[in-house]
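Chain by chain, the residues run as shown.
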There are 2 protein chains.
Amino acid sequence: MWVSRRTDYATRAILTLSLEGGGPLKLEEIARRTAVPQSVLEQVMPTMRTAGVVRSERGPAGGYRLNKDPSEITLERIVRLFQGPLAPISCATRHNPEPCPMMVGCTLRDVWEEVRDATISLLGGVTFADLAKRAGGPWLDPALIAPVPNPSPTT
Amino acid sequence: MWVSRRTDYATRAILTLSLEGGGPLKLEEIARRTAVPQSVLEQVMPTMRTAGVVRSERGPAGGYRLNKDPSEITLERIVRLFQGPLAPISCATRHNPEPCPMMVGCTLRDVWEEVRDATISLLGGVTFADLAKRAGGPWLDPALIAPVPNPSPTT
DNA sequence: GAGTATCCTGACAAAGCTTGTCGACTTCTT
DNA sequence: AAGAAGTCGACAAGCTTTGTCAGGATACTC
Ligand code: FES
Ligand code: FES
């Protein structure tokens, strides 16, 4: 029932990119806006690049930009990249569920599957275009990102 | 997005007790029927006793039985006993959510809350009476519980 | 009341996972 | 050539989960 920190970071990053018009954002800039440690983003962004969600450009004036229209990126897509299966228990996964000793006629599994499906349905039904549209105001509180991402090198 | 093993065990135990008519079941017997290591059940059952879900009797002919009617025990109740908050992320818990740097106007949180609410709604809407009623056949595959709970004492 | 069956409690070690960090490298621009 | 990015893999610390155990307490039986 819990999402990993990297999943959190990734979704925030994509939302940030969705709010930005077209130009690429430097990793450092994304880190600042999302209040994510830069060193972790350095690990998260390439994963999304490999998956074809974002595109990167090197050298000065480089950075990351979306590789698709925000309306084509569902929250489910991102979550699945970093999270394992979305089922709450191993006997209720969609792809080769682990056999559980009580599988034969176990009615609990039905409920776990319902939870799984509800989750998938919600996450799959939301795109980053939706999220960006809903985000009106200044959705980042400057006061709270004072403690900078990579604070200082072992000080 | 994942439920702990102890939660799994606990729900299986309660379902087992719900299927049993009235008489108390020995911990050892529950362990066998649910294919749960007895030593772990020894830790899980008392938790549910303290919570008032089950009742125990000592001595020979002792064991555990439900302390309420199965129709009064929701799956949510049991899950909450062993699982932390049901929200998928710390900024979306119902009780004192942890402030997240992007809280101001973050539209992601809305979705996390929807997931949370959907989960709660599903788990809260199912009682063990429902689960027991739906369970018709021999819902335990004997072949699979061959590897006994507490195999043998350091042999 | 001795003996036995059962539950109770707390402490614990091993294993696994998550988190954040680092250093050395590649690619692009000027 | 120099500098500004992104890329990759390895890793240590910390946390959580999992299962185990030993000794104790209570209730029944004879
Ligand atoms: S099948 Fe795994 S808990 Fe029922
Ligand atoms: S408020 Fe926590 S992710 Fe948006």
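Structure: above.
An account of the accompanying structure is given in this report. Along each chain, residues carry numbers from 1 onward, in the same order as the chain's sequence is written. Written order decides the labels, with chains lettered from A and ligands numbered from 1. In view of the model being predicted, local features appear only for residues whose pLDDT reaches at least 70, and side-chain atom pairs are presented and counted only at 80 or more, with totals across whole chains, interfaces and linings using the full set of residues. Hydrogens and waters are ignored; side-chain quantities use all the structure's heavy atoms.

Helix and strand assignments follow DSSP, with helices taken as H or I runs no shorter than four residues and strands as E runs no shorter than two, numbered in order from the N terminus. For chain A, the count of helices and strands is 6 helices and 2 strands. Helices and strands appear in chain A in the N-to-C order α-α-α-β-β-α-α-α. Buried means the residue's accessible area, taken with a 1.4 Å probe over protein chains only, is under 20% of the maximum for its type, while exposed means over 50%, and partly exposed covers the values in between. Within chain A, buried positions represent 45% of all 155 residues. For chain A, the proportion of contacts with a sequence separation of at least 24, taken over those separated by at least 6, is 62%. For this analysis, residues touch if any pair of their heavy atoms sits within 4.5 Å.

On to the protein's contact with DNA strand D, then. Whether a residue is near a molecule or strand depends on its heavy atoms: it is near if one of them lies within 4 Å of it. Taken together, the neighbourhood of DNA strand D is formed by 26 residues, with Lys26, Leu27 and Tyr64 of chain A together with Arg5 and Arg6 of chain B sitting nearest. Within 4 Å of the protein, the contacting atoms of DNA strand D are 67% sugar and phosphate, with bases supplying the remainder. Measuring from a phosphate oxygen of DNA strand D, one finds a backbone N or O atom of Leu27 of chain A at 2.7 Å. Within the side chain of Arg49 of chain A, one N or O atom sits 3.1 Å away from a phosphate oxygen of DNA strand D. Sorting the residues of the surface near DNA strand D by element identifies α3 (38-50), β1 (54-57) and β2 (63-66) of chain A together with α1 (5-19) and α3 (38-50) of chain B as the ones contributing at least two each. N or O atoms closer than or at 3.5 Å make up a polar contact, with two conditions inside protein: a donor-capable atom paired with an acceptor-capable one, and, for residues adjacent in sequence, both atoms drawn from side chains.

The next subject is the interface of chain A and chain B. With 49 residues of chain A at the contact, the number on the chain B side is 50 residues. We define buried area as the total accessible area lost by two parts upon association, computed with a 1.4 Å probe and summed across both. Between chain A and chain B lies a buried interface of about 4400 Å² when both sides are counted; carbon and sulfur atoms form 73% of it. Three residues stand out in chain A for area buried against chain B, namely Met1, Trp2 and Met102 of chain A, and they jointly supply 18% of the buried area on that side. The term salt bridge refers to a pairing of a side-chain nitrogen on Lys or Arg with a carboxyl oxygen on Asp or Glu at a separation within 4 Å. Counting every contact that joins chain A to chain B gives 2 salt bridges.

In this model, the second largest pocket occupies a volume close to 270 Å³. Think of a 1 Å grid over just the protein atoms. A cavity is a set of points where a 1.4 Å probe fits yet cannot get out, a pocket is an open set with protein on both sides within 12 Å along at least five of seven lines, and lining residues have an atom within 4 Å of a point. Ser90 and Glu98 of chain A together with Arg5, Asp8 and Arg12 of chain B are the residues nearest the centre of the second largest pocket, which is lined by 17 residues in total. Amino acids outside the nonpolar list (Ala, Val, Leu, Ile, Met, Phe, Trp, Tyr, Cys, Pro) and the charged list (Asp, Glu, Lys, Arg) are all regarded as polar, and Gly is one of them. Taken together, the residues of the lining of the second largest pocket sort by class into 11 nonpolar, 2 polar and 4 charged. Grid points are joined across faces, edges and corners, and a volume is the space filled by probe spheres set on the points.

Another point: the relation of the copies chain A and chain B. Copy-to-copy superposition: least squares on the C-alpha atoms, limited to residues that have pLDDT of at least 70 in both copies. You can overlay chain A on chain B at an RMSD of 0.1 Å; the transform is a turn of 180° with a shift of 0.0 Å along its axis. Those values place the two copies in the arrangement expected of a two-fold rotation axis. Residue Met1 of chain A of chain A places its C-alpha closer to the rotation axis than any other residue of that unit, at 1.7 Å.

With that settled, consider the pairing of strand β2 (residues 63-66) of chain B. Note: strand β1 (residues 54-57) of chain B against β2 of chain B, 4 bridges, orientation antiparallel. Among the inter-strand pairings, Glu57 of chain B is bridged to a residue of β2 of chain B, identified as Gly63 of chain B. Strand pairing is assigned whenever DSSP identifies at least 2 bridges connecting the two strands.

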